[in-house]
Amino acid sequence: MHWLSIVRIAFLSFASLCAIILLGLGAHALAATSNLSGLPTFAWSGLGVATAVLALCTIPAMIAIDLLRTGAFSSLIVVELSWLSFIGILFLATGGSAADRAANFWVSCNTWSPQEAQNLCSETSAAAAFGILGWLALWVYTGILLVFLIIHAHRGHYVWRSTVKEANFGASVPPANTTAPGTYGTEAKSYEAASLNPPAVSGAQPPYAYPPSPAMSPTPTGYGQPPYGQSPLGAPAPTYPSAYPQV
């Protein structure tokens, strides 16, 4: 197992833990604001519950499916990058909203009463912290994964559509030419060598040799012969007695 697979499990597990904490804090904040009069409903509480539900329904399932199956759609690198980046943005929005309420609304928890309001003030600060931590966990992992993808893409090793478990991130730069030296054109060179070094057997004709030897010359076919009745080199053609009676 590549070390990136171990990092993946660790970061996704930590993000799931942050989601569980956000779910509890957001649900308690929603219940507390409905019981306490004079307190508005905070945006971070509903956003935190929605973020936690999405994260807990998908991130643990992605870890389990990748451990049980190979090449699952939910474990593809391109799917992980897009979905985890989206969940990370939700974590960041939850943490930012809670931090804004803690700084501009609650300010100091000791000045609030009753005790339920002070608890809600402390939970707002905790939600801000775990929202930021969940965002950091997911985006650090996706950032490392994206860097690996870019490096291996420059090497000609494209693993966007594979999983982290299947991707061979330890692959080196592929060779530019996979043909072994001296093997290209071997068949053609063998005929050339045969024509340059004819065999020692008498009368044997090397393949593709030119000009052909007399022993292998083809028999004349009559092409280029003088016409009938005419001897070569302009000599008069011989006369033959006619078999028919002369008139």
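Now for a description of the structure that goes with this document. (Residues numbered from 1 in each chain as written. Predicted model: local features only at pLDDT ≥ 70, side-chain atom pairs only at ≥ 80, totals over all residues. Heavy atoms only, no water.)

**Looking at the overall build of the protein chain**
Under the convention used in this document: Secondary structure is summarised from DSSP: a helix means a run of H or I of at least four residues, a strand means a run of E of at least two, and numbering begins at the N terminus for each. Any residue under 20% of the maximum accessible area for its type is buried, any over 50% is exposed, and the rest in between are partly exposed; the area is computed with a 1.4 Å probe on protein chains only. Whether two residues are in contact is decided by their heavy atoms: any pair within 4.5 Å suffices. Calculation of accessible area relied on Shrake-Rupley with a 1.4 Å probe; when residues are assessed, cover is drawn exclusively from the protein chains displayed.
Tallying secondary structure elements over the protein chain gives 5 helices and 0 strands in all. Each helix and strand of the protein chain, placed in order from N terminus to C terminus, yields the pattern α-α-α-α-α. Here the protein chain, with 247 residues, has 29% of them falling under the buried criterion. Contacts spanning at least 24 positions in sequence make up 68% of the contacts within the protein chain whose residues lie at least 6 apart. Here the protein chain displays about 15500 Å² of accessible surface, and carbon together with sulfur accounts for 66% of that area.

**Describing the packing of aromatic side chains**
Note the threshold: Note on aromatic pairs: the rings of Phe, Tyr and Trp (six-membered ring only in Trp) are paired at centre separations within 6.5 Å, and the planes decide the class, stacked below 30 degrees, edge-to-face beyond 60, tilted for the rest.
In this structure the tally under the stated criterion is 4 aromatic pairs. A centroid spacing of 5.8 Å and a plane angle of 50° characterise the contact between tryptophan 135 and tryptophan 139, whose relative ring orientation is tilted. You can see tryptophan 135 and its partner tryptophan 139 sitting in helix α4 (residues 115-154), 4 residues apart, about one turn around the helix. The exposure class assigned to tryptophan 139 is partly exposed, which follows from its relative accessible area of 36%.

**Some details on α4**
Operational definition: The span you would expect from a helix comes to 1.5 Å times its residue count less one.
Compared with the 58 Å implied by 1.5 Å per residue over 40 residues, the 59 Å span of α4 between its first and last C-alpha is a close match. A positive phi of about 85° marks glycine 156, the residue just after α4.

**Observations regarding the packing of helix α1 (residues 3-35) against α4**
What counts here: Only the stretch in contact is used when a helix axis is fitted, and all axes are lines through C-alpha atoms; the angle between N-to-C directions ranges over 0 to 180 degrees. For classification purposes, an angle smaller than 35 degrees is called roughly parallel, one larger than 145 roughly antiparallel, one from 65 to 115 roughly perpendicular, and anything else oblique. Here is the rule for handedness: rotate from the far helix to the near one, and if that takes an anticlockwise turn smaller than a right angle the crossing is left-handed, while a clockwise turn gives right-handed.
Direction vectors running N to C along α1 and α4 enclose 155°, while the axes themselves pass 8 Å from each other. One way to sum up the angle between α1 and α4 is to call them roughly antiparallel. Read as a crossing pair, α1 and α4 show a hand that is left-handed.

**Quick look at the packing of helix α3 (residues 77-106) against α4**
Which entries qualify depends on this criterion: Note on residue categories: nonpolar means Ala, Val, Leu, Ile, Met, Phe, Trp, Tyr, Cys or Pro, charged means Asp, Glu, Lys or Arg, and polar means any other residue, Gly included.
Two elements in contact, α3 and α4, have axes separated by 7 Å at closest approach and are oriented at 150°. With respect to α4, the axis of α3 lies roughly antiparallel. For the pair α3 and α4, the sense of crossing is left-handed. Residue composition of the contact of α3 with α4, grouped by class: 25 nonpolar, 9 polar and 2 charged.

**Things to note about the nonpolar core**
This is how it is decided: Take the buried Ala, Val, Leu, Ile, Met, Phe, Trp, Tyr and Cys residues and link them wherever side-chain atoms come within 4.5 Å; each set so joined is a nonpolar core.
Of all hydrophobic cores here, the largest spans 39 residues; its most connected members are Ile59, Ile77, Phe91, Leu138 and Leu145. Sorting the residues of this core by element identifies α1, α2 (43-68), α3 and α4 as the ones contributing at least two each. Here the element with the most residues in this core is α4; it accounts for 10 residues. Here leucine 138 is in contact with Leu12, Ala15, Ile59, Leu84, Ile87, Gly88 and Phe91, once residues within four sequence places are set aside.

**Digging into the side chain of serine 45**
Put simply, the rule is: For the purposes of these results, a polar contact is taken to be a pair of N or O atoms within 3.5 Å, where, inside protein, one atom must be able to donate a hydrogen and its partner to accept one; residues adjacent in sequence count only when each atom of the pair is a side-chain atom.
The topology assignment puts serine 45 in helix α2. Within polar-contact distance, the side chain of serine 45 engages the backbone oxygen of phenylalanine 42 at 2.6 Å. Residues in contact with serine 45, not counting those within four places in the same chain, are Gly26, Ala29 and Leu30.

**Brief notes about a nonpolar patch on the surface**
Note the threshold: A patch is a set of surface residues, each over 30% in relative accessible area and not in a salt bridge, joined within 9 Å for like charges and within 5 Å for the nonpolar side chains Val, Leu, Ile, Met, Phe, Trp and Tyr. A carboxyl oxygen of Asp or Glu within 4 Å of a side-chain nitrogen of Lys or Arg is what we treat as a salt bridge.
A surface patch of nonpolar side chains, about 380 Å² in accessible area, is lined by Phe14, Leu17, Leu133, Leu136 and Val140. At the level of elements, α1 and α4 are the ones that each hand at least two residues to the nonpolar patch. Topologically, phenylalanine 14 is positioned in helix α1.

**Let's talk about the environment of leucine 136**
The topology assignment puts leucine 136 in helix α4. The partly exposed category is assigned to leucine 136, whose relative accessible area is 38%. In this structure, the C-alpha to C-alpha distance between leucine 136 and alanine 15, residues 121 residues apart in sequence, is 8.8 Å.

**What to know about the environment of leucine 17**
Among the secondary structure elements, leucine 17 is positioned in helix α1. For leucine 17, a relative accessible area of 44% gives the class partly exposed.

**Some points on the side chain of serine 162**
Note that serine 162 resides in the loop between α4 and α5 (186-196). Judged by relative accessible area, serine 162 falls into the buried class, the value being 15%. Discounting chain neighbours no more than four positions away, the residues touching serine 162 are Ser75, Leu76, Ile77 and Ala167.

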